[in-house]
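Fold and contact review
What follows is each chain in one-letter form.
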Amino acid sequence: MTGMTARIIDGKTIAADLRSRIAAEVARVQAAHNFVPGIAVVQVGDNPASSVYVRAKAKAVAEAGMRAFDHKLPENVSEAELLMLIGELNGDDQINGILVQLPLPPHIDAQKVIASIEADKDVDGFHPLNAGRHATGLAGLVPCTPLGCVLLAKSVLPSLSGLEAVVLGRSNIVGKPLVQLLLAEDATVTVAHSKTRDLPAVCRRADLLVAAIGQPEMVRGDWIKPGATVIDVGINRLAADGGKSRIVGDVAFAEAEKVAGAITPVPGGVGPMTIACLLLNTLRASCAQHGLPVPLL
Ligand code: NDP
């Protein structure tokens, strides 16, 4: 592979394409069935990173022709008040999806809040019922980031069947659900984490390597099997010159692109796909709630 550089997987363009297909389907269901998918986005406090994500989500929802209902609660809101709001949203027919922006302040039990969301409106796919459905092969809502990772991998690989896939990270929101998705695609899946011995050797087995560890540029070029597909989920903010900051992934991109067959950039890879998949989940949830077939797109 000397002298070759990896194909860049352009998450922005792939996400824009998915979003336009979603917008077309939203317009079609509105014309044919007279409803507009709606999503409630609940934010507690004003963590600046969360506010950026919430604004980006609201904009994408509007551009897809869906309705966004934003609920911004003060940092000191009680758990009981938050649970009461979710109860109201669960019972509101206009709202097909409910998203509670994480992290929540420490006085609120995030697991309890997630479990209080009606599972069929859980467009983040974090509810234990959806995690269980997913793990046992039943239909349910799938977390957006892992779904985006699989769509990006499939944009460059005709099939994931039989591939050696290594997932770095085992969180409930990325690593674990990604393992289930890759198994469903018939990949041979290894999941590695902070207690894994000889991480570089494990990574070098991968035809498909997905890094979701939150460690800036930890995956080096020589951890990558020549020609492998690399999906970088990490979003790490590093201080840069002049008080500015820059975002890097979990993979040392400049080294990796000399070895990999295809790689996602950060930013512009997984991030845009996560939002597109949130729209996809909201559309799917709204169709299911109206007794319509779930669009595959
Ligand atoms: P978590 O912190 O919840 O989980 C991190 C995982 O990585 C854990 O399983 C941890 O292992 C493992 N890990 C941490 N350090 C190491 C290490 N040195 N070696 C091996 N494994 C390690 O993170 P998330 O899953 O929520 O997120 C991961 C990254 O993805 C973050 O950078 C986050 O910002 C980003 N992200 C990006 C999204 C997007 O849309 N692009 C969406 C969500 C997250 P252990 O379990 O043993 O502790």
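Residues numbered from 1 in each chain as written. Predicted model: local features only at pLDDT ≥ 70, side-chain atom pairs only at ≥ 80, totals over all residues. Heavy atoms only, no water.

Overview of the overall build of the protein chain
Condition: The way it works is that DSSP assigns letters per residue, a run of H or I at least four long becomes a helix, a run of E at least two long becomes a strand, and they are numbered from the N terminus. With a 1.4 Å probe rolled over the protein chains alone, any residue whose accessible area is under 20% of its type maximum counts as buried; one over 50% counts as exposed, and the rest are partly exposed. We call two residues in contact whenever any of their non-hydrogen atoms come within 4.5 Å of each other. Surface accessibility follows the Shrake-Rupley procedure with a 1.4 Å probe radius. Residue values consider only the protein chains on display as shielding. Counted as positive: Lys and Arg. Counted as negative: Asp and Glu. His and the chain ends are not counted at all. Working definition for charges: the position is that of NZ of Lys, CZ of Arg, CG of Asp or CD of Glu.
In terms of regular secondary structure, the protein chain is built from 10 helices and 11 strands. Each principal axis of the C-alpha atoms in the protein chain carries an extent, and together these give about 55 × 45 × 35 Å. Put simply, the protein chain has 297 residues, and 48% of those count as buried. When contacts within the protein chain are restricted to residue pairs at least 6 apart in sequence, long-range pairs at least 24 apart make up 68% of them. Surface summary for the protein chain: the accessible area is close to 13800 Å², and the carbon and sulfur share equals 56%. Taking the average place of the 27 positive charges on the side chains of the protein chain and the average place of its 29 negative ones, the gap between the two points comes to 4 Å.

Observations regarding the sheet that holds strand β1 (residues 7-8)
The criterion, for reference: Should DSSP find at least two bridges between two strands, the strands are regarded as paired. Only C-alpha atoms enter the line fits that serve as axes; for helices the fit covers just the stretch in contact. Angles between N-to-C directions range over 0 to 180 degrees.
Within the open sheet, the six strands sit side by side as β1-β11-β8-β7-β5-β6. Their pairing is parallel. The open sheet is flanked by β1 and β6 (188-192), the only strands paired with a single partner. When strand β8 (residues 229-232) meets strand β11 (residues 262-263), the two strands line up parallel, connected through two bridges. Bridge pairing in β11 places Val-230 opposite Ile-263. Sitting on the sheet, helix α7 (residues 175-184) touches β5 (164-168), β6 and β7 (208-211), and the angle it makes with β5 is about 170°.

Here's the deal with the sheet that holds strand β3 (residues 67-73)
Sheet architecture is open: three strands sit in the order β3-β2-β4, paired in parallel fashion. Here the strands that pair on one side only, and so sit at the sheet edges, are β3 and β4 (97-100). Strand-to-strand, the axes of this sheet are offset by a mean angle of 15°, without reference to chain direction. Two elements, strand β2 (residues 38-44) and β4, share four bridges in a ladder whose sense is parallel. From the neighbouring strand, Ala-40 faces β4, where its bridge partner is Ile-98. Taken strand by strand, helix α3 (residues 79-90) contacts β2, β3 and β4, and its axis lies near 175° from that of β2.

Points about the layout of surface pockets
How we decide: In this analysis a 1.4 Å probe is tested at points of a 1 Å grid over the protein atoms alone, and where it fits but cannot get out there is a cavity; an open set with protein on both sides within 12 Å along at least five of seven lines is a pocket; lining residues have an atom within 4 Å of a point. Grid points are joined across faces, edges and corners, and a volume is the space filled by probe spheres set on the points.
Roughly 1500 Å³ of volume is contained in the largest pocket. Forming the boundary of the largest pocket are 49 residues, of which Tyr-53, Thr-145, Ile-235, Gly-271 and Thr-274 lie nearest the centre. Mapped by element, the contributors of at least two residues to the lining of the largest pocket are α1 (11-33), α2 (48-63), β4, α6 (144-156), β9 (236-239) and α10 (270-289). There is about 790 Å³ of room inside the second largest pocket. Around the second largest pocket, the lining is made up of 31 residues, and of these Gly-140, Val-142, Leu-147, Asn-281 and Arg-284 lie nearest the centre. Of all the elements in the fold, those that place two or more residues in the lining of the second largest pocket are α1, α5 (128-135), α6, α7 and α10. No other element matches the six residues that α10 contributes to the lining of the second largest pocket.

Brief notes about empty space enclosed by the protein
Any empty space left between the atoms is revealed when a probe the size of a water molecule rolls over them. To keep it simple, the criterion reads: Each residue receives one of three labels: charged for Asp, Glu, Lys and Arg, nonpolar for Ala, Val, Leu, Ile, Met, Phe, Trp, Tyr, Cys and Pro, and polar for the others, Gly being one of them.
Following the criterion strictly, the structure yields two cavities of 30 Å³ or more and no others. Computed from the structure, the largest cavity encloses a volume of approximately 50 Å³. In this structure, the largest cavity is lined by Leu-99, Val-100, Leu-102, Ile-114, Ile-117, Asp-122, Asp-124 and Phe-126. Tallied by class, residues from the lining of the largest cavity come to six nonpolar, no polar and two charged. A volume near 40 Å³ is recorded for the second largest cavity. Lining the second largest cavity, in full, are Gln-43, Val-44, Gly-45, Asn-47, Ser-50, Gln-101, Pro-103 and Leu-104.

A closer look at the site of the ligand
Selection criterion: We define proximity as follows: a residue is near a molecule or strand when any one of its heavy atoms falls within 4 Å of that partner. Here a polar contact is recorded for every N or O atom pair within 3.5 Å, except that within protein the pair must consist of a potential hydrogen donor and a potential acceptor, and residues adjacent in sequence are included only if both atoms are side-chain atoms.
The environment of the ligand is formed by 21 residues, the closest being Arg-170, Ser-171, Ser-194, Gln-215 and Thr-274. A distance of 3.1 Å separates an oxygen atom of the ligand from a polar backbone atom of Ile-235. Between the ligand and the protein, one listed contact pairs an oxygen atom with a side-chain N or O atom of Thr-274 at 2.8 Å. Residue contributions to the shell around the ligand peak at three residues, all from α10. Residues of the shell around the ligand, tallied by class, amount to nine nonpolar, 11 polar and one charged.

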